[in-house]
Every structure is written in structure tokens, then in C-alpha cells.
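The chain contents come next:
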Amino acid sequence: MDQAIVQKLLQKAGEARKNAYAVYSGYTVGAAVLAESGEIYGGCNVENASYGLTMCAERNAVFAAVAAGERKLCAVLIVGPPDGEKPYPCGACRQVLAEFAEEPGMPVLVAAPDGTCEEYRLDELLPYSFQL
Ligand code: THU
């Protein structure tokens with residue numbers, strides 16, 4: 001991916017991670033999605049005392065974009081904490097990303113706060129996504 005865009009996504013996701021509400025797991029996540037319009041939207045994980053109600057950072061970023069009127073997403077970057085496991089998107093988030101990805105091979109970047117990234121295609125992380 002274009003490195004200038006990756007830097008912008010890292011910046012936005014890092015800012016969002018500061019707002020993560022992760023009082024139960026302690027695992028803070030930030031995400032940023034690049035929409036077709038060129039705008040970038042951020043999200044963080046928001047946990048709940050009823051654990052199953054927790055919402056992941058990347059789904060919150062997708063929903064922020066959709067709420068702003070976007071319908072097609074071109075890339076997503078997810079950043080986790082410096083000392084934890086890498087934040088590979090969960091299965092539910094992969095399906096939500098597939099709903100709005102402008103192409104099946106949309107780039108999905110999994111990052112550490114120091115900026116090191118692994119880049120995947122959405123369709124390698126979720127082959128045969130459900131579509132109507
Ligand atoms: N989490 C995310 O926000 N995104 C991911 O890609 C993986 C998991 C959150 C959910 C929960 O708040 C915490 O990380 C631990 O599972």
C-alpha cells in the first residue's frame with residue numbers, strides 16, 4: 001500500500017486507541033478505515049460489564065464511516081497494544097468488512113504501535129464471505 005496513506009491510517013488508529021474502553025481485558029485497540037471519498041474514520045474497542053456486548057475497534061470504525069454516508073471502504077488498519085498479541089480481526093469483523101469492502105482483496109493491515117505492519121487481503125482472511 002501507499003506508505004503515505006499507511007502513515008495516515010496509523011496516526012488515526014493510534015489516536016483512536018487512546019480512547020479504547022478496555023477496562024475488562026486491558027487490551028486496547030484502535031482502527032482506521034479509508035473510505036472511497038478519501039476520508040479516514042477511526043474507532044476503538046468499547047467493552048461492557050456484560051462481556052458479549054463488547055464492540056471491536058474495527059467494527060466501530062466501519063460503522064462511523066457508514067454513519068457519515070460512506071458505503072465503500074478501500075483499506076483498514078488495526079493497531080493493538082505494544083506488549084500484546086497482534087490484533088488480527090475477529091471473524092465477525094471480517095464479515096462486516098466484507099460487506100463494505102470496495103473489492104474482495106481490500107488491504108487489511110495489522111499493526112503495532114511502533115508502526116510495524118503486516119498486510120493481508122481481506123479475501124485471504126475470509127474466503128467465501130457471505131453475500132446477498
Ligand atoms: N478486539 C478488537 O477491538 N479488535 C480486534 O481485532 C481483536 C479484539 C477487542 C475486543 C475486546 O475489547 C478486546 O479486544 C479483547 O478481546
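All values reported here derive from a predicted model rather than from experimental measurement. (Residues numbered from 1 in each chain as written. Predicted model: local features only at pLDDT ≥ 70, side-chain atom pairs only at ≥ 80, totals over all residues. Heavy atoms only, no water.)

**Student:** Even after reading the chapter, I still don't get the pairing of strand β5 (residues 117-121), so can you show me in this structure?
**Tutor:** Along any regular strand, the residues point their side chains to alternate faces of the sheet. Two strands pair when backbone bridges link them, and strand β4 (residues 107-111) and β5 are joined in this way by 5 bridges, in the antiparallel orientation. The residue of β5 that forms the bridge with Val-110 is Glu-118. What sits between the antiparallel neighbours β4 and β5 is a turn of 5 residues, in which Gly-115 has the positive phi angle 95 degrees. (Pairing = 2+ DSSP bridges. Helix = DSSP H or I, 4+ residues; strand = E, 2+ residues; numbered from the N terminus.)

**Student:** Explain the site of the ligand here, please?
**Tutor:** Near the ligand you find Ser-25, Tyr-27, Val-29, Asn-45, Glu-47, Thr-54, Cys-56, Ala-57, Glu-58, Pro-87, Tyr-88 and Pro-89, and these make up its full shell. One of the side-chain nitrogen or oxygen atoms of Asn-45 is found 2.9 Å away from an oxygen atom of the ligand. Burial of the ligand by the surrounding chains reaches 78%, relative to a free accessible area of 380 Å². Of the residues assigned to the shell around the ligand, the class counts are 7 nonpolar, 3 polar and 2 charged. (Near = heavy atom within 4 Å. Polar contact = N/O pair within 3.5 Å; in protein donor to acceptor, adjacent residues only side chain to side chain. Areas by Shrake-Rupley, 256 points an atom, 1.4 Å probe, with all protein chains shown as cover. Nonpolar A, V, L, I, M, F, W, Y, C, P; charged D, E, K, R; others polar.)

**Student:** What should I look at first to understand the packing of aromatic side chains in this one?
**Tutor:** Pairs of aromatic rings are described using the distance from one ring centre to the other and the angle between the two planes. Counting across every chain of the model gives 2 aromatic pairs. Where Tyr-24 meets Tyr-51, the ring centres are 5.5 Å apart and the plane angle is 45 degrees; that geometry is what we call tilted. Taken as a pair, Tyr-24 in the loop between α1 (3-17) and β1 (30-35) and Tyr-51 in the loop between β2 (40-44) and α2 (57-67) lie far apart in primary sequence, 27 residues in all. Look at Tyr-88 and Tyr-120: their rings are 6.0 Å apart centre to centre, the planes differ by 70 degrees, and that puts the pair in the edge-to-face class. Taken as a pair, Tyr-88 in the loop between β3 (73-79) and α3 (91-100) and Tyr-120 in strand β5 lie far apart in primary sequence, 32 residues in all. On the basis of relative accessible area, Tyr-88 is assigned to the partly exposed category, the value being 38%. (Phe/Tyr/Trp six-rings, centres within 6.5 Å; stacked < 30°, edge-to-face > 60°. Buried < 20%, exposed > 50% of the residue type's maximum accessible area, 1.4 Å probe, protein only.)

**Student:** How should I be thinking about the packing of α2 against α3 in this particular structure?
**Tutor:** Packed helices, taken two at a time, are described by the angle between their axes plus the distance between the axes. Contact pair α2 / α3: the axes reach a minimum separation of 9 Å and the direction vectors enclose 25 degrees. One way to sum up the angle between α2 and α3 is to call them roughly parallel. Seen from above, α2 lies across α3 with left-handed handedness. Across the interface between the two elements, Glu-58, Arg-59, Val-62, Phe-63 and Val-66 from α2 touch Ala-92, Cys-93, Val-96, Leu-97 and Phe-100 from α3. (Axes fitted to C-alpha atoms, helices over the stretch in contact; angles between N-to-C directions. Parallel < 35°, antiparallel > 145°, perpendicular 65-115°, else oblique. Left-handed = near helix turned anticlockwise from the far one by under 90°. Contact = heavy atoms within 4.5 Å.)

Purely geometric stuff here, so don't read any function into it on its own.
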